[in-house]
Amino acid sequence: MMDNLRAAANHVVLKIILGLIILSFLLTGVVSYQGSAGDYAAKVNGQVIERAQLEQAFQSERSRMQQELGDRFSAMAGNEGYMQQMRQQVLSQLIDKSLLDQYAKTLGLSASDDQVKEAIRQEAYFQTDGKFDNAKYLDLITRSGFSADQYAQYTRQRLINQQMIQGFGGSDIVPPSEAESMVALVLQERDVRLATIDLNAMMAKQTVTDEELKTFFEQNKNSFIAPEKVKVSFIPLDAAALQDKVTVTEADISAYYDGHQSSFGQPERKKFSVIQLKTEADAKAVLEELKNGGDFAALAKEKSTDIISRRTGGEMDWMEPDTTADELKQANLTEKGQLSGVVKSSVGYLIVRLDDIKPALVKPLSEVHDAIAKQIKQEKAVDAYYALQQKVSEAATSDNESLASAEEAAGIKAANTEWFTRDSVPAALNFKPVVQAIFDGSLIGENGAPGSNSDVITVDGDRAFVIRVVAHQPEGIEPFDKVKDRVTAMVKHNKALQEAKLQGEKLLVELKQGKGDEAMKAAGLSFGSVQKMARAPEDSQLVEAVFALPHPEAGKVVYGMSQDAQGNVVLIALDSVKPGTLPADEMKTFVSNMEKGSASVTFDALLTNLRKEAKIKMGAAEQQQP
């Protein structure tokens, strides 16, 4: 089964599907966090998006991009403009999520845990032989960067979004011919033969003179810059490490339980049915019918102006106090079966019926005893941690000539690093605030001398550092003698590549003129056996060159030239092109996801309208961003 799973995970269609999932999750899968009331990123119709929430979402997106792109992301992350643009996109997504949450709440839309589970079980790419495969599910969502809770959250929001889309007339239909054309293009295969001109072999034959090396060095000095280096002493502070020193009493546990009853159970839930009318007169007429014995569901289906609740006979899902719309609360219904009067709302006039009530449930102390003890221990450790921070901060500031006083206050000895650059920060110190403090110049003394102690630098919320730069080497060009071997290798590489490309271009001309056999033989080259080449999300230069070649006509070979991942020059012989196909069951999944993409146009229009009508205010810090 695992072999089939690995094969499925590498399938191009599945990669496209999971790519759609990841893009959707960026919009809908960000968890809420609370921060201080005076420090926010944005307000959406009065609902606050905290700075801490934005930072968490931004770091999550940064980590996802780094995992997906690897070394390529490092270059992108060095571009301040790009990172600022990514931050603004994340904030925009959080604003969209707030707007959608508010709109869904107004409509009374929700998705229960059972509906979420069933939706996941029904997704075709999580099934084996038509049945849900939990191992495949966990493997695929993990490969896509999700935890089970995150994917469940994404699915819940997707179900709510689908309810909204259905309310606007459902999704578009993709014609079979369009889907077949897309599959034919995306899954196209090409039969090629390759002949490689070995760059390393050519480099071994190259000779260089000292004059050539020095000329290259003078012309390319910026390629031989020695980066800034530092040696650092540091004191780490960790809240988790303080937990072993904390004691928790039974009195502490009982007091915490008594003060946090709402945290240990399910709040009261109510289930409503609603009929929405355009005018007060219409609402009064329907209310009179209900009082005379009219069927609520039938009247809702017949007369409600809300297209979503009309389909369900007015019935809505279970709601907790925090998720209940203000209009429903204003109905002030307290007994099962109770009917409201006419309730004015922002969308017209409502008649509300309370269908059922589930009382609040609170777990007994014995059931949550250990969890409370753990929570109290963590909180006490955090309190002790902040007290220690203050103590260490005062010591580091008062004795700025060394970390001796800070060591005494912290109760631990400072650790010391070897030389490192901004790109080779030791793992123990590799946190953005710490790296920024080390290299921003404020802690560095003159002429390489030790500088000042840092203040306490907080990272990850419950960890911190006090830093002292004990030695410093500024950025500068390395001397020729030190980099001569690197210069030699680069010059030989350039000579070899130029020679290989020249040889390849000559052979390509001969091949296109039908004289290639003798020319290839004279060069000691030959085409290898036929290999099938397909597109992939991470297409290499060679693959791109293969798929850029025109289709062969009447069995005539098409020739081209490119380079492989090792930099070798490669001659290409394209023999044939085969359009992509999919089995019927996989084609249904592919079409379904194309249709979801079409429906997203309607969804984008909804978001545009919600933004147009919303009151969105950016926080002070975000207004100052370029």
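Everything that follows concerns the structure shown earlier in this document.
Residues numbered from 1 in each chain as written. Predicted model: local features only at pLDDT ≥ 70, side-chain atom pairs only at ≥ 80, totals over all residues. Heavy atoms only, no water.

1. Regarding the overall build of the protein
Helix and strand content of the protein: 24 helices and 21 strands. The proportion of buried residues among the 626 residues of the protein is 40%. For the protein, the share of sequence-separated contacts (at least 6 apart) that also reach a separation of at least 24 residues comes to 73%. For the protein, the exposed area adds up to about 35,300 Å²; of that, 49% sits on carbon and sulfur atoms. (Helix = DSSP H or I, 4+ residues; strand = E, 2+ residues; numbered from the N terminus. Buried < 20%, exposed > 50% of the residue type's maximum accessible area, 1.4 Å probe, protein only. Contact = heavy atoms within 4.5 Å. Areas by Shrake-Rupley, 256 points an atom, 1.4 Å probe, with all protein chains shown as cover.)

2. Re the sheet that holds strand β15 (residues 457-459)
On the basis of which strands lie adjacent, the open sheet formed by four strands has the order β14-β7-β16-β15 and antiparallel pairing. Edge positions in the open sheet fall to β14 (415-416) and β15, since each of these has one partner strand only. With three bridges connecting them, β15 and strand β16 (residues 463-473) associate as antiparallel partners. For Ile-457, the partnering residue across the bridge sits in β16 and is Phe-465. On the sheet, helix α19 (residues 432-439) packs against β7 (229-238), β15 and β16 and is oriented at approximately 150° with respect to β15. (Pairing = 2+ DSSP bridges. Axes fitted to C-alpha atoms, helices over the stretch in contact; angles between N-to-C directions.)

3. Concerning the sheet that holds strand β18 (residues 531-534)
What holds strands together in a sheet is hydrogen bonding between their backbones, with the strands either parallel or antiparallel. If you trace the four strands from one edge of the open sheet to the other, you get β18-β5-β20-β19, paired in antiparallel fashion. Lying at the two open borders of the sheet, with one neighbouring strand each, are β18 and β19 (558-563). Going across the sheet, the axis of each strand differs from the next one's by a mean of 45°, ignoring polarity. Of the strand pairs in this sheet, strand β5 (residues 189-197) and strand β20 (residues 569-578) are connected by nine bridges, and their pairing is antiparallel. Across the sheet, the residue bridging to Thr-196 is Val-570, located in β20.

4. What about the packing of helix α12 (residues 250-259) against helix α17 (residues 365-398)?
Where α12 meets α17, the axes come as close as 9 Å, and the angle between the chain directions of the two elements is 105°. Relative to α17, the element α12 is oriented roughly perpendicular. Two secondary-structure elements touch here, α12 through Glu-250, Asp-252, Ile-253, Ser-254, Tyr-256 and Tyr-257 and α17 through Leu-365, Val-368, His-369, Ile-372, Ala-373, Gln-375, Ile-376, Glu-379 and Lys-380. Grouping the constituent residues of the contact of α12 with α17 by class yields eight nonpolar, three polar and four charged. (Parallel < 35°, antiparallel > 145°, perpendicular 65-115°, else oblique. Nonpolar A, V, L, I, M, F, W, Y, C, P; charged D, E, K, R; others polar.)

5. Quick notes on the packing of helix α11 (residues 210-219) against helix α20 (residues 480-512)
The N-to-C vectors of α11 and α20 enclose an angle of 100°; their axes lie 9 Å apart at closest approach. It follows from the interaxial angle that α11 and α20 lie roughly perpendicular. Here Asp-210, Glu-212, Leu-213, Lys-214, Phe-216 and Phe-217 of α11 lie close against α20, whose contacting residues are Phe-480, Val-483, Lys-484, Val-487, Thr-488, Met-490, Val-491, Asn-494 and Lys-495. Of the residues assigned to the contact of α11 with α20, the class counts are eight nonpolar, two polar and five charged.

6. Overview of the side chain of Gln-127
Tracing the chain through its elements places Gln-127 in strand β3 (residues 127-128). Of note is the side chain of Gln-127, whose polar atom sits 3.0 Å from the backbone oxygen of Arg-121. In contact with Gln-127, not counting residues within four places along its chain, are Arg-121, Gln-122, Phe-132, Asp-133 and Lys-136. (Polar contact = N/O pair within 3.5 Å; in protein donor to acceptor, adjacent residues only side chain to side chain.)

7. With respect to the pattern of salt bridges
Enumeration according to the criterion identifies 18 salt bridges in this entry. One salt bridge connects Glu-212 with Lys-495, and the closest N-O pair in it is separated by 2.9 Å. Of this pair, Glu-212 sits in helix α11 while Lys-495 sits in helix α20, and the two are 283 residues apart along the sequence. A residue is classified by how much of its surface remains accessible, and Lys-495, at 26% relative accessible area, is partly exposed. With a closest N to O distance of 3.0 Å, Lys-380 and Asp-252 form a salt bridge. Taken as a pair, Lys-380 in helix α17 and Asp-252 in helix α12 lie far apart in primary sequence, 128 residues in all. (Salt bridge = Lys/Arg side-chain N within 4 Å of Asp/Glu carboxyl O.)

8. Description of the pairing of β7
Working note: regular strand, side chains alternate between the two faces of the sheet. With ten bridges joining them, β7 and β16 adopt antiparallel strand pairing. Residue pairing in the sheet places Val-232 in a bridge with Val-469 of β16. When β7 meets β14, the two strands line up antiparallel, connected through two bridges. By the bridge assignment for β14, Ser-233 is matched with Asn-416.

9. Side note on the packing of aromatic side chains
Tallying each qualifying case throughout the model produces twelve aromatic pairs. Plain terms: the ring middles of Tyr-385 and Tyr-386 are 5.2 Å apart, the flat faces sit at 55° to each other, and that makes the pair tilted. On the accessibility criterion, Tyr-386 (43% relative accessible area) is partly exposed. An aromatic cluster of at least three residues, connected via ring pairs, comprises Phe-126, Phe-132, Tyr-137 and Tyr-151. Just above the ring of Tyr-40 sits the side chain of Lys-43; from NZ or CZ to the centre is 4.8 Å. We note Lys-358 situated over the ring of Trp-318; from NZ or CZ to the ring centre the distance is 4.5 Å. (Phe/Tyr/Trp six-rings, centres within 6.5 Å; stacked < 30°, edge-to-face > 60°. Lys NZ or Arg CZ within 6 Å of the ring centre and 35° of its normal.)

10. Quick look at the side chain of Ser-233
With respect to the helices and strands, Ser-233 occurs in strand β7. Of note is the side chain of Ser-233, whose polar atom sits 2.4 Å from the side chain of Asn-416. Contacts of Ser-233, omitting those with residues within four sequence positions, involve Leu-403, Ala-415, Asn-416, Val-466, Ile-467, Arg-468 and Val-470.

11. What about α12?
Residues Ile-253, Tyr-256 and Tyr-257 constitute the buried set of α12. What you see down the axis of α12 is that its buried residues fit within an arc of 100°, all on one side. Facing away from the buried side of α12 by more than 90 degrees, the exposed set consists of Ala-251, Ala-255, Asp-258 and Gly-259. Buried residues along α12 sit in contact with β13 (361-362) and α17. (Arc of directions from axis to C-beta.)

12. Digging into the environment of Val-558
On the secondary structure map, Val-558 appears in strand β19. If we skip the residues at most four places from it in the chain, Val-558 touches Leu-549, Pro-550, His-551, Pro-552, Ile-572, Ala-573 and Leu-574.

13. Section: the environment of Ala-300
Relative to the elements of secondary structure, Ala-300 occurs in helix α14 (residues 296-303). When the C-alpha positions of Ala-300 and Val-286 are compared, they lie 9.3 Å apart, and in sequence the two are 14 residues distant.

14. A word on α17
Relative to the 50 Å expected for 34 residues at 1.5 Å per residue, α17 spans 47 Å between its end C-alpha atoms, a close match to the ideal helical length. The set of residues buried in α17 consists of Val-368, Ile-372, Ile-376, Ala-381, Tyr-385, Leu-388, Gln-389, Val-392, Ser-393, Ala-395 and Ala-396. For α17, the elements touching its buried residues are β7, α12, α18 (404-410), β15 and β16. (Expected span 1.5 Å × (residues − 1).)

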